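Each chain is listed here by its residues.
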Amino acid sequence: LTLAVVLPEHNLTYPWAWPRVGPAVRLATAAVNSRRDLLPGVTLRWVFGSSEDRHGVCSDMAAPLAAVDLRFAHQPAAFVGPGCVYSAAPVARFTSHWRLPLVTAGAEAHGFDHKRREYALTTRTGPSHRKLAELCVQLHRRFNWTRRALLVYWDEPSDDRPYYFAAEGLYVQLPTLRNLSVVDVVFRDGGNFSFIIQEIKAKGR
């Protein structure tokens, strides 16, 4: 029984990087194989593919290529990773098509909640931005914040855009409150912070 692992191979800025997760995978595999009552007659093993590009960052091209290579070379029963949103999305679509489960500690974006089709077999073990947004909705209800919400967030399209996806969950869920207007303001390095402060003053509540 083979597990396919698709994670960043070297970059430790990711919490799910292989140097962090690899020891746990090895220990878990050894523990399962030492318990013959868990999977009688079956030996668990893992194979690895990197989701990094040549610059060492998560890649929406490298990850699905690695997944396809592992699928056809090893016929895995399940996938672990990727964690980054842009890497996880195409791999999760492939695994859903192959009818194979995918487990990830990442993929926090709101879009991964669509379980009927694309991400039907994707399981996230970490936090999701939808849950953060649902908490925010409850806070608005509790304190009767029912007129306006202003989302101010940092967005750098060259990375995995963690703040954009965090704000996305809020942007989708907050309008479920009746008559609540939601406005978003994006800022980047070197941006006009005076303008942002004026936007907060004029539009935020």
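Anything mentioned here points back to the structure above.
Here's a quick rundown of the structure. It should be emphasised that the depicted structure is a prediction, and the values quoted were computed from it without experimental measurement. (Residues numbered from 1 in each chain as written. Predicted model: local features only at pLDDT ≥ 70, side-chain atom pairs only at ≥ 80, totals over all residues. Heavy atoms only, no water.)

Let us now look at the pairing of strand β2 (residues 45-50). Examined bridge by bridge, strand β1 (residues 2-7) and β2 share six bridges and lie parallel to one another. Across the sheet, residue V5 finds its bridge partner in β2, namely F48. Chirality of the crossover, the property in question, places the unit of β1, helix α1 (residues 18-34) and β2 among those that are right-handed. (Pairing = 2+ DSSP bridges. Helix = DSSP H or I, 4+ residues; strand = E, 2+ residues; numbered from the N terminus. Right-handed = clockwise from strand over helix to strand, strands pointing away.)

Below, the discussion takes up the sheet that holds strand β4 (residues 102-104). Sheet strands pair via backbone hydrogen bonds, and the direction of the pair is either parallel or antiparallel. Sheet architecture is open: five strands sit in the order β2-β1-β3-β4-β5, paired in parallel fashion. A strand with exactly one partner marks an edge of an open sheet, and here the two such strands are β2 and β5 (122-124). In this sheet, adjacent strand axes meet at a mean angle of 20° when their direction is disregarded. Helix α2 (residues 62-74) contacts β1, β2 and β3 (78-80) of the sheet and is inclined by roughly 150° relative to β2. Contacts from helix α3 (residues 85-98) reach β3, β4 and β5, with the element oriented near 150° to β4. (Axes fitted to C-alpha atoms, helices over the stretch in contact; angles between N-to-C directions. Contact = heavy atoms within 4.5 Å.)

Turning to its location among the elements, T122 is positioned in strand β5. If we ignore the near neighbours within four places in the chain, the residues touching T122 are A92, L102, T104 and K115.

One pass over the full model with this rule turns up one disulfide. Between the sulfur atoms of C58 and its disulfide mate C84 the distance is 2.0 Å. With the S-S bond torsion at 50°, the cross-link from C58 to C84 turns out right-handed. Placement of the pair is C58 in the loop between β2 and α2 and C84 in the loop between β3 and α3, with a sequence separation of 26 residues. In this structure, C58 and C84 share a single accessibility class: buried. (Disulfide = S-S within 2.5 Å. Buried < 20%, exposed > 50% of the residue type's maximum accessible area, 1.4 Å probe, protein only.)

Counting 21 residues, the largest nonpolar core has V6, F79 and F112 as the members making the most contacts within it. Only β1, α2 and α3 provide two or more residues apiece to this core. Broken down by element, the residue count for this core peaks at six residues, all from α3. Filtering out sequence-adjacent residues up to four positions away, V6 remains in contact with G49, S51, A63, A66, A67, L70, F79, V80, G81 and P82. With nine residues, the next largest nonpolar core counts V5, L7, W16 and C84 among its residues. (Core = buried A, V, L, I, M, F, W, Y, C linked by side-chain atoms within 4.5 Å.)

These figures come from the coordinates and say nothing about function on their own.
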